[in-house]
Amino acid sequence: QQQVKQSPQSLIVQKGGIPIINCAYENTAFDYFPWYQQFPGKGPALLIAIRPDVSEKKEGRFTISFNKSAKQFSLHIMDSQPGDSATYFCAASRYNTDKLIFGTGTRLQVFP
Amino acid sequence: DGGITQSPKYLFRKEGQNVTLSCEQNLNHDAMYWYRQDPGQGLRLIYYSQIVNDFQKGDIAEGYSVSREKKESFPLTVTSAQKNPTAFYLCASSPPGTGREAFFGQGTRLTVV
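Bear in mind the structure is a predicted one, so any value in this text is a computation, not a measurement. (Residues numbered from 1 in each chain as written. Chains lettered and ligands numbered in written order. Predicted model: local features only at pLDDT ≥ 70, side-chain atom pairs only at ≥ 80, totals over all residues. Heavy atoms only, no water.)

Residue and element names in this part refer to chain A. If you trace the five strands from one edge of the open sheet to the other, you get 1-3-8-7-6, paired in antiparallel fashion. Single-partner strands in this sheet number two, and they are strand 1 (4-7) and strand 6 (56-59). Adjacent strand axes in the sheet meet at a mean angle of 15°, parallel and antiparallel pairs treated alike. Note that strand 6 and strand 7 (residues 62-67) share four bridges and pair antiparallel. Following the sheet pairing, Lys57 is matched in strand 7 by Ile64. (Pairing = 2+ DSSP bridges. Helix = DSSP H or I, 4+ residues; strand = E, 2+ residues; numbered from the N terminus. Axes fitted to C-alpha atoms, helices over the stretch in contact; angles between N-to-C directions.)

Structure follows, in structure tokens:
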């Protein structure tokens, strides 16, 4: 119930492609779903987040799609660039708690 | 510059020794966290603290200890009881109210030799 399942484990795309990373959860009490981006040797940084009252959120080239009935959410990166090469983590938390539950991460490589 | 400072960046420890990882924040955040990161396993919560002088165990607290004597500081001690201490350790904090947007430090890579 507390897990967030993330796939794929790794992803390779050409520059300009649209990588998609998927996450699924079981706990219907979760109501905050952020994505974090981590470069090698650095700490993760918040990229974009969504709450379940909307089905999509865009920030620049990054889009979260959220399907409440399927308990799934995904990250799309439009016009991907080599600088987007990083590890991406989805996460979830529920109201009035201070704990984020993280997925296992997806290593993205974007080749020129 | 506001942020979270972890030190040292790299740490080597002999088996059987305790070691303390430092985490300091000047963001005035109430909540602070310690995560452990291993390849293919994501971020796993070790301990977290919501206020000074109070902290709770996370999912993998065995072999670790923490203290929260000041709002700005949340040091983590990796004890000799931790069976597999070699990992990348991340400290984070979150602002008051929601506790959901976590800000991370740059991490400490601990290697047991």
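Quick look at the nonpolar core now. Val4(A), Phe33(A), Trp35(A), Phe73(A), Leu75(A) and Tyr88(A) are the most contacted members of the largest nonpolar core, which has 25 residues in total. Looking at this core, the elements that each hand over two or more residues are strand 2 (10-14), strand 3 (20-25), strand 4 (30-38), strand 5 (45-50), strand 7, strand 8 (72-77), strand 9 (86-94) and strand 11 (106-111) of chain A. Broken down by element, this core gets its largest block of residues, four residues, from strand 9 of chain A. If sequence neighbours within four positions are ignored, Phe33(A) has contacts with Tyr25(A), Ile48(A), Ala49(A), Ile50(A), Pro52(A), Ile64(A), Phe66(A), Phe73(A), Ala91(A) and Ala92(A). Of all hydrophobic cores here, the second largest spans 19 residues; its members include Met32(B), Val66(B), Leu76(B) and Val78(B). (Core = buried A, V, L, I, M, F, W, Y, C linked by side-chain atoms within 4.5 Å. Buried < 20%, exposed > 50% of the residue type's maximum accessible area, 1.4 Å probe, protein only. Contact = heavy atoms within 4.5 Å.)

Take the pairing of strand 3 (residues 19-25) of chain B next. Residues and elements named next belong to chain B. Here strand 3 shows a buried face lined by Val19, Leu21, Cys23 and Gln25 and an unburied face lined by Thr20, Ser22 and Glu24. In the sheet, strand 1 (residues 4-7) pairs with strand 3 via four bridges, with the strands oriented antiparallel. Counted as the bridge partner of Thr5 is Glu24 from strand 3. Two elements, strand 3 and strand 8 (residues 76-78), share three bridges in a ladder whose sense is antiparallel. Counted as the bridge partner of Val19 is Val78 from strand 8.

A word on the pattern of salt bridges. Per the counting criterion, the structure on display carries six salt bridges over all chains. Its salt-bridge partner being Glu59(A), residue Lys57(A) comes within 3.7 Å of it at the nearest N-O pair. For Lys57(A), a relative accessible area of 32% gives the class partly exposed. Of the residues examined, Glu59(A) reaches a relative accessible area of 37% and is grouped as partly exposed. Residue Asp30(B) pairs with Lys71(B) through a salt bridge whose shortest N-O separation is 3.3 Å. Of this pair, Asp30(B) sits in the loop between strand 3 and strand 4 (31-37) while Lys71(B) sits in the loop between strand 7 (64-66) and strand 8, placing them 41 residues apart in sequence. Salt bridges sharing common partners tie together Arg36(B), Asp38(B) and Arg44(B). (Salt bridge = Lys/Arg side-chain N within 4 Å of Asp/Glu carboxyl O.)

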